[in-house]
Amino acid sequence: MALSKRHPAALFAVLAVALGTTGAAYAAVNAQTAPKVVAKTETQVEQGKQLFLEGCSSCHGLAAQGASDGPSLLGVGAASVDFQVGTGRMPLAAPGVQAMPKMPSYNEEETAALAAYIATLGAGPGIPTAEMLDTTNAELALGGELFRTNCAQCHGASGVGGALSEGRKAPSLMDSNAKRLYEAMVSGPQSMPVFADSTLSVEDKKNIIAYVTELQANKSPGGFSLGRQGPVTEGLFIFIVGLGVLIVAAVWIGAKAK
Amino acid sequence: MNELEHPTGDPYGAKDGKDLISGITVFPMEPHVPRKSDIDPKAAIRAERQVATMFGLSSLMILLFIVAYIKVPADLLITIPVIGTLNANHLAIGFTFGMAILLIGLGAIHWAKKLMPDEEVIQERHALTSTNEERVAVQSSLQRGAAESGFKERKIIRRSLLGALALFPVPLIVLLRDLGPLPGTRLRETIWDEGIHLVTDATYKKIKASDIPLGGLINAVPENLLEIEHEEETLNQRGKASIIIVRMDPADIVSQQGEAWDYQGVLAFSKICTHLGCPTSLYQQRTHHLLCPCHQSTFDLSDSGNVVFGPAARRMPQLAITVDAEGYLVAQSGFNEPVGPSFWERG
């Protein structure tokens, strides 16, 4: 009842002022912190440690040494953190056989801070630099051969992913990008084996990334790709729809006219 | 079997529902029901128009085909809901041409069903057996031929002919030899041997044991695969000798197929499934399980490659490895059991 005594526009005015102030303050804070992160990595590590203690330590242990609910993060490297947190796989939505990607819980700055902190705990693969992801001179044909040798068994020849055992699966690579592909290869998230730079060189990885990028760009020219799963879905489709249409046609031709 | 009268005036006559000569039971026909288009002239005209419309539409589709072929750009892509993105030119010419032939077919069937006569008729057929006179004539003719040929009296001709005919199929059996030669020891052996380097597949680089990270997987082949000149033989040998190399914490290794066959947690196993020979390298580094994509056979690489799931009857053969003086992985020896699926002679 008290509200009705005020001018009808008062509420909107208050809201507008509040939103404007918050936005301006956020912009100001953002402008201040952005250069700081680059300049003072010690602060970044400190921030990462805080975030880790608040958000990750309950499963991974206070010193990231691992516990019954989560593996040790000593020596997993920044690439692993950037992949797992950046794709939203970590923190886990729910315990299960496999962490699924979702909207990331941490923003880029926080993810970088976490990665920086974990990287100080033990040597591990770092986040790939722009130069490591530059596929300008990549060999597509060799990339294809490497992909079919090392990746296609799980992710499928067309990169759409596939099933593993006990409910696990190899995800589709169709929505991935060069950085995530590199990080996944070098860190071996979850069931995936590790393809370190020492055994699968940076050049080889560039070739593979170039090939996957080509697969992503190569849309199905005939339409109706049926998930690009190959003969299983195609066979099922033609058996059910194709034979179904033929049976209907045969019944119609054979039926007596009235 | 119903005892029924033959419905038509069969020349051979029918009694008690049976055709007298063939002995086949004859069934009556259902009474003929006239169609709507037989009775109602309007219905007949409607059916006629429907058929003509289908043929007319077919002609239109052919014209559209020519227009589409000329006018629709060959590189234009369009997106259709559910079906996806596809080439407009291909869609247009395929649809028009397909519809043109489909409409001719539909029109013809509709014509036949609605307008062409549909009274059921029995096609008269006489029995397939010859008359007795014909049979007797053929029999006597054959007997006379046999007598005149002297087949019975001229023993030497008869016996030599029978001998020649008996031997005639022999070449066919001799030619079966070309199914061979028997594989001999080839199913039991691979080109792996003592001191052969393990090299990465596709890039063929020697592998330093210290370079392999924990949880790592490498698809590898023997270095001497590159020395084989014939491509066919290369593929045959690759098909048997392909391996995978994994590294796990030595504490995770429950058992191995031989003592110290690993090198500091680096293990090498055949890549060829022991069930039906599919390449098997779906290695899940957390569980150390190796999954075959064909029939889901699962091998535990931390426990001698034993089968933990699926139809495979044998464990995955392990290759004993060590390192050379420079730290590169080499085989201690060849596989000590045949790789790949079971075979007849293996026992």
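This text goes with the structure placed above it.
Below, the structure is looked at part by part. What you see is a predicted model, and the numbers here were worked out from it, not measured in a lab. (Residues numbered from 1 in each chain as written. Chains lettered and ligands numbered in written order. Predicted model: local features only at pLDDT ≥ 70, side-chain atom pairs only at ≥ 80, totals over all residues. Heavy atoms only, no water.)

1. Here's the deal with the interface of chain A and chain B
Facing 36 residues of chain A, the contacting portion of chain B comprises 38 residues. Buried surface at the junction of chain A and chain B, both sides included, amounts to about 2900 Å², of which 55% is carbon and sulfur. Three residues stand out in chain A for area buried against chain B, namely Gln-153, Thr-199 and Trp-252 of chain A, and they jointly supply 19% of the buried area on that side. Along the contact surface separating chain A from chain B lie two salt bridges. The shortest N-O distance in the salt bridge between Glu-120 of chain B and Lys-256 of chain A comes to 2.3 Å. The tally of links from chain A across to chain B stands at 17 residue pairs in polar contact (both at pLDDT 80 or more). Where the side of chain A that touches chain B is concerned, the elements lending two or more residues are helix 6 (140-150), helix 7 (152-155) and helix 10 (231-254) of chain A. For the side of chain A that touches chain B, the element with the highest residue contribution is helix 6 of chain A, accounting for five residues. Grouping the constituent residues of the side of chain A that touches chain B by class yields 17 nonpolar, 13 polar and six charged. (Contact = heavy atoms within 4.5 Å. Buried area = accessible area lost by both parts, 1.4 Å probe. Salt bridge = Lys/Arg side-chain N within 4 Å of Asp/Glu carboxyl O. Polar contact = N/O pair within 3.5 Å; in protein donor to acceptor, adjacent residues only side chain to side chain. Helix = DSSP H or I, 4+ residues; strand = E, 2+ residues; numbered from the N terminus. Nonpolar A, V, L, I, M, F, W, Y, C, P; charged D, E, K, R; others polar.)

2. Considerations on the nonpolar core
Counting residues in each nonpolar core, the largest one holds 42 residues, and the members touching the most others are Phe-147 and Ile-208 of chain A together with Val-246 and Leu-301 of chain B. Elements with a contribution of two residues or more to this core: helix 4 (77-86), helix 6, helix 8 (178-187) and helix 9 (202-217) of chain A together with strand 7 (243-247) and strand 8 (266-270) of chain B. Dropping the residues within four chain positions of it, Val-246 of chain B is found in contact with Gly-216, Leu-217, Gly-265, Val-266, Leu-267, Tyr-283 and Leu-301 of chain B. Counting residues in each nonpolar core, the second largest holds 23 residues, with Ile-207, Ala-268, Ala-331 and Phe-335 of chain B among its members. (Core = buried A, V, L, I, M, F, W, Y, C linked by side-chain atoms within 4.5 Å. Buried < 20%, exposed > 50% of the residue type's maximum accessible area, 1.4 Å probe, protein only.)

3. Some points on the pairing of strand 4 (residues 84-87) of chain B
Residues and elements named next belong to chain B. As paired strands, strand 3 (residues 77-80) and strand 4 are joined by four bridges and run antiparallel to one another. Within strand 4, the position partnered with Thr-79 by the bridge is Thr-85. Taking the residues that link successive antiparallel strands as the turn, the strand 3-strand 4 hairpin has three residues, and the phi of Val-82 there is positive, at about 75 degrees. (Pairing = 2+ DSSP bridges.)

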